[in-house]
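These are the residues of each chain, in order.
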Amino acid sequence: MSVSRQVRLVHWSVIASALLLGIAAALSWAALAHLAGLHTRMVSDGQLAQARTDMLNNLATAGVSALVLAVIAVLLRRPSSKARTAVWVFGPIIALTTLCFLVGGPEWAVAPTGEEPAELRAEYAQVVPDWYVWPHGIAGLVAVALLIFAAVFLTRADLREHYMDGGHDAARGYTSWVDRTGGA
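Residues numbered from 1 in each chain as written. Predicted model: local features only at pLDDT ≥ 70, side-chain atom pairs only at ≥ 80, totals over all residues. Heavy atoms only, no water.

Participant: Sorry, what's going on with the overall build of the protein here?
Facilitator: When its secondary structure is counted, the protein shows 7 helices and 0 strands. When the helices and strands of the protein are read in sequence order from the N terminus, they spell out α-α-α-α-α-α-α. A burial count over the protein gives 40% of its 184 residues as buried. Of the contacts formed within the protein by residues at least 6 apart in sequence, a portion of 80% connects residues at least 24 apart. Accessible surface computed for the protein: about 10,000 Å², of which carbon and sulfur atoms make up 66%. (Helix = DSSP H or I, 4+ residues; strand = E, 2+ residues; numbered from the N terminus. Buried < 20%, exposed > 50% of the residue type's maximum accessible area, 1.4 Å probe, protein only. Contact = heavy atoms within 4.5 Å. Areas by Shrake-Rupley, 256 points an atom, 1.4 Å probe, with all protein chains shown as cover.)

So this is what it looks like as structure tokens:
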């Protein structure tokens, strides 16, 4: 695979991760708005406060992560070891943080045990609705997979050479050793 195609693949992986985390942030914001307008009778105030806190944490984490990845995506446009290092450092950190917030999400604050009455289970389902849980989880997991892919893929020798500062002659354009040797 040519270096330019590899660079585009990594670049679009970071962009897609930023967009998916932006979607996750928007879903968290919408779920918070839904929660603010909800009138419950049986769900405790502590459970509502915990769900609200978890949603706020998801919103903040996904929003900040999306912004950081957007900046990294802009930096990846030019060959720079700093941009490559940023993907290595921030990609796994954002991936791990996203996974932690997905695993400890707001649905655990109101998780039914099966012992409660049907009315309470219905209120639990309204506090953290399915339209939030599934899309938020899928967007987060796909973003994590793309970030891990980008961080690992950037360890390739031809991409290392591409992203090294001063590793190419701007007048001639960049040609990696993979392109120069025909991939052998």
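Participant: Help me out: how do you make sense of the nonpolar core in this one?
Facilitator: In summary, soluble globular proteins display a tendency toward joint burial of nonpolar side chains. Membership of the largest hydrophobic core comes to 24 residues, with the highest contact counts inside it found for Val10, Val14, Leu21, Leu69, Ile72, Leu76 and Val87. Looking at this core, the elements that each hand over two or more residues are helix H1 (3-36), helix H2 (45-75), helix H3 (81-103) and helix H5 (130-153). If one sorts the elements of this core by residue count, H5 sits on top with 7 residues. With residues up to four places along the chain from it excluded, the contact list for Leu69 reads Val14, Ser17, Ala18, Leu21, Ile94 and Leu147. In this structure, Val43, Tyr124, Val127 and Val128 belong to the second largest nonpolar core, which totals 15 residues. (Core = buried A, V, L, I, M, F, W, Y, C linked by side-chain atoms within 4.5 Å.)

Participant: Just to check I follow, could you spell out the environment of Ala31 for this structure?
Facilitator: Position of Ala31 relative to the elements: it lies in helix H1. As a C-alpha pair, Ala31 and Val127 span 96 residues in sequence and 8.4 Å in three-dimensional space. Not counting residues up to four positions away in its chain, the partners in contact with Ala31 are Met55, Trp131 and Tyr132.

Participant: Please clarify how the packing of H3 against H5 should be interpreted in this entry.
Facilitator: Packed helices, taken two at a time, are described by the angle between their axes plus the distance between the axes. Between H3 and H5, the least distance of the axes is 9 Å, while the angle of their chain directions is 155°. Considering the angle they form, H3 stands roughly antiparallel to H5. Between H3 and H5 the crossing geometry is left-handed. Facing H3, whose interface residues are Val87, Trp88, Gly91, Pro92, Ile94, Ala95, Thr98, Leu99 and Leu102, H5 presents His136, Gly137, Gly140, Leu141, Val144, Leu147, Ile148, Ala150 and Ala151. Its residues assigned to classes, the contact of H3 with H5 comprises 13 nonpolar, 5 polar and no charged. (Axes fitted to C-alpha atoms, helices over the stretch in contact; angles between N-to-C directions. Parallel < 35°, antiparallel > 145°, perpendicular 65-115°, else oblique. Left-handed = near helix turned anticlockwise from the far one by under 90°. Nonpolar A, V, L, I, M, F, W, Y, C, P; charged D, E, K, R; others polar.)

That is the geometry; function is a separate question.
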